[in-house]
Amino acid sequence: MIIDTPEVQDINSFSRLEYLKEVYGIIWMLVPIFTPVLGITIGVLAIVWLEREISAGIQQRIGPEYAGPLGILQALADGTKLLFKENLLPSRGDTRLFSIGPSIAVISILLSYLIIPFGSNLVLSDLNIGVFLWIAISSIAPIGLLMSGYGSNNKYSFLGGLRAAAQSISYEIPLTLCVLSISLLSNSSSTVDIVEAQSKYGFWGWNLWRQPIGFIVFLISSLAECERLPFDLPEAEEELVAGYQTEYSGIKFGLFYVASYLNLLVSSLFVTVLYLGGWDLSIPYIFVPEFFEINKAGEVFGTTIGIFITLAKTYLFLFIPITTRWTLPRMRMDQLLNLGWKFLLPISLGNLLLTTSSQLLSL
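Every value quoted in this text rests on a predicted model; they were computed, and no experiment measured them. (Residues numbered from 1 in each chain as written. Predicted model: local features only at pLDDT ≥ 70, side-chain atom pairs only at ≥ 80, totals over all residues. Heavy atoms only, no water.)

Caption draft 1: Region of the structure containing the nonpolar core. With 63 residues, the main nonpolar core has Tyr113, Trp134, Val179, Phe218, Phe270 and Leu274 as its most contacted residues. A domain-level breakdown of this core finds at least three residues from each of domain 1 (5-83) and domain 2 (112-126 + 163-242 + 249-351). With residues near it in sequence (within four places) discarded, Val179 still touches Val131, Phe132, Trp134, Ile135, Phe218 and Leu274. (Core = buried A, V, L, I, M, F, W, Y, C linked by side-chain atoms within 4.5 Å. Buried < 20%, exposed > 50% of the residue type's maximum accessible area, 1.4 Å probe, protein only. Domains from an automatic or database assignment. Contact = heavy atoms within 4.5 Å.)

Caption draft 2: Spatial organisation of helix 3 (residues 95-110). With 16 residues, helix 3 extends 24 Å between its outermost C-alpha atoms, agreeing within 8% with the 22 Å of an ideal straight helix rising 1.5 Å per residue. All of the buried residues along helix 3 are Phe98, Gly101, Pro102, Ala105, Val106, Ser108 and Ile109. Where the residues of helix 3 are buried, they touch helix 4 (130-138), helix 5 (141-151) and helix 11 (250-275). For helix 3, the side-chain oxygen to backbone nitrogen distance between the N-cap and Arg96 is 3.2 Å, and the N-cap itself is Asp94. (Helix = DSSP H or I, 4+ residues; strand = E, 2+ residues; numbered from the N terminus. Expected span 1.5 Å × (residues − 1). Polar contact = N/O pair within 3.5 Å; in protein donor to acceptor, adjacent residues only side chain to side chain.)

Caption draft 3: Quick peek at the UniProt feature "transmembrane region" (unreviewed entry) in the protein chain. UniProt tags residues 26-50, 97-119, 131-150, 255-277, 297-322 and 343-361 as "transmembrane region" (unreviewed entry). Here residues 131-150 runs as 90% helix and 0% strand, with 30 Å between its end C-alpha atoms. Here residues 255-277 runs as 91% helix and 0% strand, with 31 Å between its end C-alpha atoms. (UniProt positions renumbered as here; feature names shortened; annotations may be inferred.)

Caption draft 4: Representation of the side chain of Ser170 in the model. Structurally, Ser170 can be placed in helix 6 (residues 155-186). For Ser170, a relative accessible area of 2% puts it in the buried group. A polar side-chain atom of Ser170 sits 2.7 Å from the main-chain carbonyl oxygen of Ala166.

Caption draft 5: Structural context of the packing of helix 6 against helix 15 (residues 333-362). For the pair helix 6 and helix 15, the least separation of the axes is 9 Å and the interaxial angle reads 15°. Relative to helix 15, the element helix 6 is oriented roughly parallel. In terms of crossing hand, the pair formed by helix 6 and helix 15 is left-handed. Class assignment for the residues of the contact of helix 6 with helix 15 results in 19 nonpolar, 9 polar and 1 charged. (Axes fitted to C-alpha atoms, helices over the stretch in contact; angles between N-to-C directions. Parallel < 35°, antiparallel > 145°, perpendicular 65-115°, else oblique. Left-handed = near helix turned anticlockwise from the far one by under 90°. Nonpolar A, V, L, I, M, F, W, Y, C, P; charged D, E, K, R; others polar.)

Caption draft 6: How the structure looks around the packing of aromatic side chains. All told, the structure shown has 15 aromatic pairs when counted by the stated rule. Pairing Phe215 with Phe317 gives two aromatic rings, centres 6.4 Å apart and planes at 70°, and the pair type is edge-to-face. Taken as a pair, Phe215 in helix 9 (residues 212-225) and Phe317 in helix 13 (residues 299-317) lie far apart in primary sequence, 102 residues in all. Of the two residues, Phe215 and Phe317, neither departs from the other in class, the shared state being buried. Three or more aromatic residues joined by ring pairs make a cluster, and in this case those are Trp134, Phe215, Phe218, Phe270, Tyr275 and Phe317. (Phe/Tyr/Trp six-rings, centres within 6.5 Å; stacked < 30°, edge-to-face > 60°.)

Caption draft 7: Structural view of a nonpolar patch on the surface. Nonpolar side chains collect at one region of the surface, where Ile26, Met29, Leu30, Ile33 and Phe34 lie side by side and expose about 500 Å² of accessible area between them. Within the element layout of this structure, Met29 appears in helix 1 (residues 5-58). On the accessibility criterion, Met29 (52% relative accessible area) is exposed. (Patch = residues over 30% accessible without salt bridge, like charges linked within 9 Å, V, L, I, M, F, W, Y side chains within 5 Å. Areas by Shrake-Rupley, 256 points an atom, 1.4 Å probe, with all protein chains shown as cover. Salt bridge = Lys/Arg side-chain N within 4 Å of Asp/Glu carboxyl O.)

Caption draft 8: How the structure looks around unusual backbone geometry. A cis geometry characterises the amide bond from Leu229 onward to Pro230, with omega recorded as 5°. With respect to the secondary-structure elements, Pro230 resides in the loop between helix 9 and helix 10 (237-240). In the Ramachandran plot, Asn153 falls in the positive-phi region, its phi being about 55° despite a non-glycine side chain. When you line up the elements, Asn153 lands in the loop between helix 5 and helix 6. Phi is positive for Glu227, which is not a glycine, with a value near 60°.

Caption draft 9: The arrangement of the packing of helix 7 (residues 191-199) against helix 11 in detail. Contact geometry for helix 7 and helix 11: axes closest at 8 Å, N-to-C directions at 50°. By the angle class used here, helix 7 and helix 11 are oblique. Every residue of helix 11 that contacts helix 7 at Thr191, Ile194, Val195 and Gln198 is listed here: Phe270, Val273, Leu274 and Tyr275. Looking at the contact of helix 7 with helix 11, its residues break down into 6 nonpolar, 2 polar and no charged.

Laid out in structure tokens, this is it:
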């Protein structure tokens, strides 16, 4: 059987077309995965630069200024340096736990970004149990810290891992009770529904005004969850020689460094979503929505404005944890646990009781 040359060319062109379609489908499938990761990485680099600039201003010293314009590439330079440093493994430690610990800490925090709505139509996964999924996922991170401390075969590291686990458990309960109050107030646990419930009443419908006690407890608990000053006991250099990070170097140490700022960013985003109205901009005397006609604008333009508003609120809120780090002294371990169990837990329980009572009376 003899096949003509034009027929062979047609078969080859068809096979190339099918191959290109498969490659295009794979690339299009990877775009939604790598786009959020790239955005989150840029957000973390911006937080590191902001913290260095703000801390330099508070302490009246010069901040980063040589790596890139205004020092904006300093965090990228530090990450590149850690990437090429040698990874050291403890000779008598558990190398598997030692290597898995930083990965668990980072992955558990990255999964929390799945349920954060950056706009009315821009959320990776709008779940009915969104906020409680975040709490469940974030509770996995201390397991990675505990594995890292134990796998290092170092008493200081193990003690730092135990402190991290104890601190996380102590402050996760008040934080969960505050989130439960928000869910009762919004009649939903979906992050999108919580933002839309606040936007119905405008600026004065933000949960910041409806739940002021819960906002303060949530702020303190989130600072403790992020291990920020004055709650950085697991990493206190003066006491524990950097805690569970003592034996780490190179990229593994960089993963812990990135995880702390990822956690800070996700906590600030949840403060924006739960208490500051998310992408809604119903601020008195600022008529941006009417000027741009966001409700009538195209979907792309409206989504862009929503992302900008969400990120603006998030980074404005970040000034609080950054200035707190360079203002307040470190607490003792007994003071930290007493604050969590004896003060924040009863206050959050009382706030939940008041919220439940008000919801029952409004029925």
